Every structure is written in C-alpha cells, then in structure tokens.
Amino acid sequence: MIMKAMTRQQIAAYAGVSVKTLRNWCKPYHDELLGLGLRPGMIVLPPNIVRWIADKFCIDLPP
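Thresholds applied
- Residues numbered from 1 in each chain as written.
- Predicted model: local features only at pLDDT ≥ 70, side-chain atom pairs only at ≥ 80, totals over all residues.
- Heavy atoms only, no water.
- Core = buried A, V, L, I, M, F, W, Y, C linked by side-chain atoms within 4.5 Å.
- Buried < 20%, exposed > 50% of the residue type's maximum accessible area, 1.4 Å probe, protein only.
- Helix = DSSP H or I, 4+ residues; strand = E, 2+ residues; numbered from the N terminus.
- Contact = heavy atoms within 4.5 Å.
- Phe/Tyr/Trp six-rings, centres within 6.5 Å; stacked < 30°, edge-to-face > 60°.

> Describe the nonpolar core, with residues and values.
Core analysis: the largest hydrophobic core is formed by 17 residues, its most contacted members being Ile11, Leu45, Val50, Ile53, Ile59 and Leu61. Looking at this core, the elements with two or more residues in it are helix H1 (8-15), helix H2 (19-26) and helix H4 (47-56). If one sorts the elements of this core by residue count, H4 sits on top with five residues. Those residues in contact with valine 50, other than ones at most four positions away along the chain, are Met3, Lys4, Ala5, Met6, Ile11, Leu45 and Leu61.

Below you can see the structure in the form of structure tokens.
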C-alpha cells in the first residue's frame, strides 16, 4: 500500500486518540523515529514515518 504524508493530528484522528496520546505512545521509540528522519517541529510527517506509526500501533489508515 502506498502511504501519503500526514500530520500527527490526522494520524491521531484515525487512531481515535488525541495528539498528546499519540505523542506519548511514540515517546519510547523517539530514537528509532529520529533514525527514520523525524525532526523536531515537523508538521507533516513523511510517508515512511506514517507507515511506521500505523504498523507499530495497528492504526487503520485510508488507502
């Protein structure tokens, strides 16, 4: 499946949680996400990070 770039708010909405909760879920994986290209202050997350988050937390995203 081809993933598209998304904001944290969009991902959180598909997961049914707040952005704060999504950030808390990702905290233990901060170094891994940095390795994937996550940078502080990023508004739109690139497709590879969106896919990683969706796979890690079993979030159903639209095709």
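> An account of the packing of aromatic side chains is requested, with residue identities and associated values reported.
Taken as a whole and judged by the stated rule, the model has four aromatic pairs. A ring pair is formed by tyrosine 29 and tryptophan 52, whose centres lie 5.5 Å apart and whose planes are at 65°; its orientation type is edge-to-face. Remark: tryptophan 52 occurs in helix H4 and tyrosine 29 occurs in the loop between H2 and helix H3 (30-36); sequence separation between them is 23 residues. Overall, tyrosine 29 belongs to the partly exposed group, its relative accessible area being 27%. Ring plane angle 85° and centroid distance 6.3 Å describe the contact between tryptophan 52 and phenylalanine 57, whose orientation is recorded as edge-to-face. Neither tryptophan 52 nor phenylalanine 57 differs from the other in exposure class; each is buried.

> Explain the environment of cysteine 26 to me, using residue names and the numbers behind them.
Along the chain, cysteine 26 falls in helix H2. Since its relative accessible area comes to 12%, cysteine 26 is described here as buried. Residues cysteine 26 and phenylalanine 57 lie 31 residues apart in sequence; the distance between their C-alpha atoms is 9.2 Å. Discounting chain neighbours no more than four positions away, the residues touching cysteine 26 are Leu33, Ile53 and Phe57.

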